[in-house]
Amino acid sequence: MQGRSLLDFGKDVARHLSLTPAGEWSAAWPAGEPSWCVYLTREDGARIVLGHRDYQARFDASCAFPTTKSGNYYGPSSAARFSVSMADTKAPELVARDLARRLLPTYLPQYAKALEDQCRDNDQAEAARTVAHGLAELIGEKATEQHGRGWRISKYGNGGPSVAVEVDPYQSARRVKVTLDDLTPEEAQDILQVLPGRT
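Computed from a predicted structure; not experimentally measured.

**A look at the overall build of the protein**
Part 1: Within the protein, the regular secondary structure consists of three helices and nine strands.
Part 2: Mapped in sequence order, the helices and strands of the protein form the string α-β-β-β-β-β-α-β-β-β-β-α.
Part 3: A compact globule built from 199 residues would reach a C-alpha radius of gyration of about 16 Å, whereas the protein, at 26 Å, exceeds it by more than 25%.
Part 4: Projected onto the principal axes, the alpha-carbon positions of the protein cover approximately 85 × 35 × 25 Å.
Part 5: For the protein, buried positions account for 33% of its 199 residues.
Part 6: Pairs at least 24 residues apart make up 40% of the contacts formed inside the protein by residues separated by at least 6 positions.
Part 7: Per element, the accessible surface of the protein, about 12,300 Å² overall, is 51% carbon and sulfur.

**Some words on the sheet that holds strand β1 (residues 25-28)**
Part 1: As summarised here, the arrangement of the five strands in space is β1-β2-β3-β4-β5, forming an open sheet in which the pairing is antiparallel. At either end of the open sheet lies a strand with only one pairing partner, and these are β1 and β5 (83-87). Here the average twist between neighbouring strands, direction ignored, is 20°.
Part 2: For strand β2 (residues 37-42) and strand β3 (residues 47-53), the ladder comprises five bridges, and the chain directions are antiparallel. Of the residues in β3, the one forming a bridge with Tyr39 is Val49.

**Some details on the pattern of salt bridges**
Part 1: Applying the stated criterion to the full structure yields eleven salt bridges.
Part 2: The partner of Asp98 in a salt bridge is Arg101, with the nearest N and O atoms 3.2 Å apart. Taken together, the residues span about one helical turn, with Asp98 and Arg101 both in helix α2 (residues 92-139) at a distance of three residues.
Part 3: Its relative accessible area of 56% is what places Arg101 among the exposed residues.
Part 4: The shortest N-O distance in the salt bridge between Asp121 and Arg120 comes to 3.0 Å.
Part 5: The class of Arg120 is partly exposed, set by a relative accessible area of 41%.
Part 6: Residues joined in a network through salt bridges with shared partners are Lys90, Asp98, Arg101 and Arg102.

What counts and what doesn't
Residues numbered from 1 in each chain as written. Predicted model: local features only at pLDDT ≥ 70, side-chain atom pairs only at ≥ 80, totals over all residues. Heavy atoms only, no water. Helix = DSSP H or I, 4+ residues; strand = E, 2+ residues; numbered from the N terminus. Rg over C-alpha atoms; globule rule 2.2 N^0.38 Å. Buried < 20%, exposed > 50% of the residue type's maximum accessible area, 1.4 Å probe, protein only. Contact = heavy atoms within 4.5 Å. Areas by Shrake-Rupley, 256 points an atom, 1.4 Å probe, with all protein chains shown as cover. Pairing = 2+ DSSP bridges. Axes fitted to C-alpha atoms, helices over the stretch in contact; angles between N-to-C directions. Salt bridge = Lys/Arg side-chain N within 4 Å of Asp/Glu carboxyl O.

Listed below in structure tokens is the structure:
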């Protein structure tokens, strides 16, 4: 890099990447603080982590995939093929050319698929939230989110039936689990009579 800061170098790489068909890219420090790497980020969130190893005179470039707060990771099971290494004597335009040739043709289609999967899960999670709040209103209790694993509504009978409802974000359009406890025989009979599939 010939004495330049990694961020300045990364900005030049991003500028040259933006001249390719791979879209507009920018460079920034992670969390805004100087670090051993810079983030090269495209408009849609695709990201290359460009790191510099002084002691080996090498650049490492690896790809990032979406991750949710609850820990869902949308990338492939193995990221080994989404990383490359190159000498740090290369000029920014050559680094950008290497990334565009060796990394992006594999990464960008996988990133697009990851975004589709994340969008699908977000839609399912929103559907689950809507179902859960609608059922909670019927029961007269609040729906509680279970750390990204769906929703639960509980109502204790205090001498009457107790109800527990679980709404799975990946099944909410088709299945909701309802558990009833402490029913009288008559209450159980009334409920079973309205179940579908009775012969």
